[in-house]
Amino acid sequence: AEVWAWGTPIVGELARPGLPDGGPLDAIHFIEHADDNHCVRLGAHDALRRLLRATVFYPRDRNLNARAIDVCASLVSRVPAFRLEGRGDGSFWPLLRPASHQAAG
């Protein structure tokens, strides 16, 4: 089954409301600033480690924490993840083509 991602109506740092629309999640990209643009596919272990660092946990609810870890582990086993190193000039956008077109690294 496909993994779907949903937007949020919350106003973010751009001071504009988001869009709660959703669609199939093709890939996960962990973006890092770099001197050049480069995209490398991550293994499930590295992807899970990075995703867990970016996930909100609930310090007093062991069941919610366990569920969050399970969801993250399931996600990285079903959706390809990449480390995207990119310059801040926007020239990295072509690297964000569908994961099915990315070369495995």
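The following paragraphs examine the structure supplied in this document. (Residues numbered from 1 in each chain as written. Predicted model: local features only at pLDDT ≥ 70, side-chain atom pairs only at ≥ 80, totals over all residues. Heavy atoms only, no water.)

A word on the sheet that holds strand β3 (residues 28-33). Spatially, β3-β5-β4 is the arrangement adopted by the three strands of the open sheet, whose pairing is mixed. Every other strand in the sheet has two partners, leaving β3 and β4 (38-42) as the edge strands with one partner each. Averaged over all pairs of adjacent strands, the angle between strand axes in this sheet comes to 20 degrees, irrespective of strand direction. Alignment of β3 against strand β5 (residues 81-86), held across six bridges, turns out to be parallel. Following the sheet pairing, E32 is matched in β5 by E85. (Pairing = 2+ DSSP bridges. Helix = DSSP H or I, 4+ residues; strand = E, 2+ residues; numbered from the N terminus. Axes fitted to C-alpha atoms, helices over the stretch in contact; angles between N-to-C directions.)

This part is about the side chain of R83. Among the structural elements, R83 can be located in strand β5. Setting aside residues up to four positions removed in sequence, R83 forms contacts with F30, E32, H38, C39, V40, L42 and R50. (Contact = heavy atoms within 4.5 Å.)

Our next topic: the pairing of β5. Successive residues of a regular strand alternate their side chains across the two faces of the sheet. Most of β5 is tucked away: five of the six residues are buried. As paired elements, β4 and β5 share five bridges and run antiparallel to each other. Within β5, the residue paired with L42 across the bridge is A81. (Buried < 20%, exposed > 50% of the residue type's maximum accessible area, 1.4 Å probe, protein only.)

When we look at burial in helix α1 (residues 44-53), the residues that qualify are A47, R50 and L51. For α1, the angular spread of buried residues about the axis comes to 100 degrees, placing them on one side. Opposite the packed face of α1, turned more than 90 degrees from it, sit the exposed residues H45 and R53. Packed against the buried residues of α1 are β3, β4, α2 (62-78) and β5. (Arc of directions from axis to C-beta.)

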